[in-house]
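Architecture at a glance
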Amino acid sequence: MSTGPATGDDCDDRLRTDGFDAPGFQRAVLDGLRGIEGLTVADVKPFVVRLRYNDQPYVIQLDAVFKRYRHGELDVGDAVEELKAALGVPGAAIDAAGPYPRLARFGTVPAGAYHVPCPFDPDLAVFFVRVLPNGHIPLTPSDVARDWHGDGGALMAAALGHLAERTQGIPADGFGEGDELVLAWHTGDGLDAAAVLLDDLLDALSGWVPGTLHIGVPSRDVLLACGDADATHLATVADDVRATFEQAGDEAISGRMYRWAGGRLVVSV
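Definitions and cut-offs
- All residue numbers here refer to positions counted from 1 along the written sequence of the relevant chain.
- Predicted model: local features are reported for residues with pLDDT of at least 70 only, side-chain atom pairs are reported and counted for 80 or more only, and whole-chain, interface and lining totals are derived from all residues.
- The side-chain numbers reported here are obtained from all heavy atoms of the structure, hydrogens and water having been left aside.
- Burial here depends on accessible area, computed with a 1.4 Å probe over protein chains only, as a share of the maximum for the residue type. Under 20% is buried, over 50% is exposed, and the range in between is partly exposed.
- Only runs of H or I of at least four residues qualify as helices and only runs of E of at least two qualify as strands under DSSP, and these elements are numbered from the N terminus.
- In short, DSSP must find at least two bridges between two strands for them to pair.
- A 1.4 Å probe that fits into a set of points on a 1 Å grid over the protein atoms alone but cannot get out defines a cavity; an open set with protein on both sides within 12 Å along at least five of seven lines defines a pocket, and lining residues are those with an atom within 4 Å of a point.
- Grid points are joined across faces, edges and corners, and a volume is the space filled by probe spheres set on the points.
- Note that Gly is not counted as nonpolar here; it falls among the polar residues with everything else outside the nonpolar set of Ala, Val, Leu, Ile, Met, Phe, Trp, Tyr, Cys and Pro and the charged set of Asp, Glu, Lys and Arg.
- Think of each axis as a best-fit line through the C-alpha atoms, taken over the contacting stretch in the case of a helix, with angles from 0 to 180 degrees between the N-to-C directions.

Description of the pairing of strand 11 (residues 223–226)
Alternating residues of strand 11 divide into Leu-223 and Ala-225 and Leu-224 and Cys-226, and every residue in both groups is buried. As judged from the 4 bridges shared by strand 9 (residues 182–185) and strand 11, these two strands associate in the antiparallel manner. The partner of Val-182 across the bridge, within strand 11, is Cys-226. Here strand 10 (residues 214–216) hands over to strand 11 after 6 residues, the two strands then running antiparallel side by side.

Written as structure tokens, this is what we have:
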């Protein structure tokens, strides 16, 4: 599991000038975890800790957490509480919300994460996360075995239910008018593109746009919806989706457009 995205910002004037170096930070986090009943540490390498909690194996990746620590976004105690929440330790100071589904290209699914094929694009996968105040924790096969008895269908239903609740509370932004209307979600919390998995949402969107609904999910933080009543406008949106995808780096999802056809999503471009 990993908590939080890497910041990618190493400007010296934004780094804390005191505190632990990387090995010291890792030791401090481990010290905070060692007293947990039922937890044993099996192996420690730089930024990677293998442990067992209640007889389930876990791999903790601390590189992104340390980057956040260096940038003053959290302290050691915060990191320990996030990890406790990720492990499901009773009494953790914060709660991990979810699960939620997330989309990813197959090659970028987090290592060790439980995932299933995307229902509308063979190049994509769906994995599942719990959400903490400063990051996402991918669910592992052990998590699914423990909490859903290995039932991936039950996990998907729960994740889609949570995502539907979230999406209902975040209205789409609208751009343009008439045949050039574009609706978008781009809140930046890593879950926007996953809303493409919500059939009820797509069915509703199909009544809002002129013509047949088309969807683009170029990055994890962007979902675009438009109609095909104006073919030139649709081509422009498709170009924007491809350009955003090509510039999205590790957050890229797909440069394709998808069409809502007969109650299911299919590859369009």
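Topic: the layout of surface pockets
Within this model, the second largest pocket holds a volume of roughly 400 Å³. As for the second largest pocket, its lining consists of 22 residues, of which Leu-197, Leu-198, Asp-199, Asp-200 and Leu-201 are closest to the centre. Those elements that provide at least two residues to the lining of the second largest pocket are helix 5 (152–168), helix 6 (199–205) and strand 13 (264–267). Residues that form the lining of the second largest pocket fall into these classes: 16 nonpolar, 3 polar and 3 charged.

Notes on the sheet that holds strand 1 (residues 39–45)
Strand order across the open sheet formed by 3 strands is 1-2-3, with antiparallel pairing between neighbours. Edge positions in the sheet fall to strand 1 and strand 3 (56–61), since each has one partner strand and no second. Sheet twist, expressed as the mean angle between neighbouring strand axes with direction ignored, is 20 degrees.

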